[in-house]
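# Descriptive structure summary
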Amino acid sequence: EITFTPADLSGANLVDSYFLKNQDESELITKVDVVDTTGAGDSFSGGFLHGYLDGSSLMECARLGTILGSKVVQVLGAEIPEHMWEEVRSLARDG
């Protein structure tokens, strides 16, 4: 069982004691200027599920979710603009 609990604007807590006993969740924290939180949870979930279905580790799944969630809150609305996607792809590859 995998559980995410929101931790306000500072991030989310990933709870899975079997897989994450010695993982440092602080590496998931991304500080950005927040414009609008609409779509943050859905974007995070989409990034996480993409990684999960691709067979990534739980920490990598959470990192992908954090990338997407941190980008969508920097704009008004629930859609990451086209001009931000190259940076998203670069961040995802560099993990």
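Chains are numbered independently. Their residues run from 1 in the order of the written sequence. Since the coordinates come from a predicted model, pLDDT governs what is reported: local features require at least 70, and pairs of side-chain atoms require 80 or more to be given and counted, while whole-chain, interface and lining totals use all residues. With hydrogens and water stripped out, all remaining heavy atoms of the structure feed into the side-chain values.

## Here's the deal with the overall build of the protein
Put simply, DSSP marks the helices as runs of H or I at least four residues long and the strands as runs of E at least two long, and each gets a number from the N terminus on. Within the protein, the regular secondary structure consists of 3 helices and 2 strands. For the protein, the residues scored as buried account for 34% of the 95 residues in total. Residue pairs at least 24 apart in sequence account for 52% of intrachain contacts in the protein once pairs closer than 6 positions are excluded. In this description, accessible areas are obtained by the Shrake-Rupley approach with a 1.4 Å probe, and a residue is regarded as covered only by the protein chains that are shown. Summed over all atoms, the accessible surface of the protein reaches about 6300 Å², with 52% contributed by carbon and sulfur. Only protein chains enter the accessibility calculation, which uses a 1.4 Å probe. A residue is then buried if its area is under 20% of the maximum for its type, exposed if over 50%, and partly exposed in between. A contact between two residues is defined here by any heavy atoms of the two lying within 4.5 Å.

## What about the nonpolar core?
Side-chain atoms within 4.5 Å link the members of a nonpolar core, which is a set of buried Ala, Val, Leu, Ile, Met, Phe, Trp, Tyr and Cys residues. Ala-40, Leu-64, Ile-67, Leu-68, Val-72, Val-73, Val-75, Ile-80, Met-84 and Val-88 together form the largest nonpolar core, which totals 10 residues. Among all residues touching Leu-68, those that are not within four sequence positions of it are Ser-43, Gly-46, Gly-47, Ile-80, Trp-85 and Val-88.

## Section: helix H2 (residues 58–72)
For H2, spanning 15 residues, the distance from its first C-alpha to its last is 21 Å, which sits close to the expected 21 Å at 1.5 Å a residue. Most of H2 is tucked away: 14 of the 15 residues are buried. Expected helix span is computed as 1.5 Å times (number of residues minus one).

## Side note on the packing of helix H1 (residues 40–53) against H2
Angles shown run from 0 to 180 degrees and are taken between the N-to-C directions of axes, each axis being a line fitted to C-alpha atoms and, for helices, limited to the stretch in contact. Viewed as axis vectors pointing N to C, H1 and H2 meet at an angle of 150 degrees, and their least axial separation amounts to 7 Å. In terms of crossing hand, the pair formed by H1 and H2 is right-handed. Only Leu-58, Cys-61, Ala-62, Leu-64, Gly-65, Thr-66, Leu-68, Gly-69 and Val-72 of H2 make contact with H1, whose side of the interface consists of Ala-40, Ser-43, Phe-44, Gly-46, Gly-47, Phe-48, His-50, Gly-51 and Tyr-52. When grouped by side-chain class, the residues that make up the contact of H1 with H2 number 10 nonpolar, 8 polar and no charged. Handedness of a helix crossing follows the sense of rotation of the near helix relative to the far helix, less than a right angle counterclockwise being left-handed and clockwise being right-handed. By the convention adopted, Pro, Cys, Tyr, Trp, Phe, Met, Ile, Leu, Val and Ala count as nonpolar, Lys, Arg, Asp and Glu as charged, and the other residues, Gly among them, as polar.

## A word on the pattern of salt bridges
Note that side chains of opposite charge can pair when their charged atoms are close. For this analysis, a salt bridge means a side-chain nitrogen from Lys or Arg found within 4 Å of a carboxyl oxygen belonging to Asp or Glu. As enumerated under the stated definition, the model contains 4 salt bridges in all. Where Glu-86 meets Arg-93, a salt bridge forms, and the shortest distance between an N and an O atom there is 3.5 Å. For Arg-93, a relative accessible area of 58% translates into the label exposed. Counted as one network, the salt bridges with shared partners bring together Glu-86, Arg-89 and Arg-93.

This is a description of form; function is not addressed.
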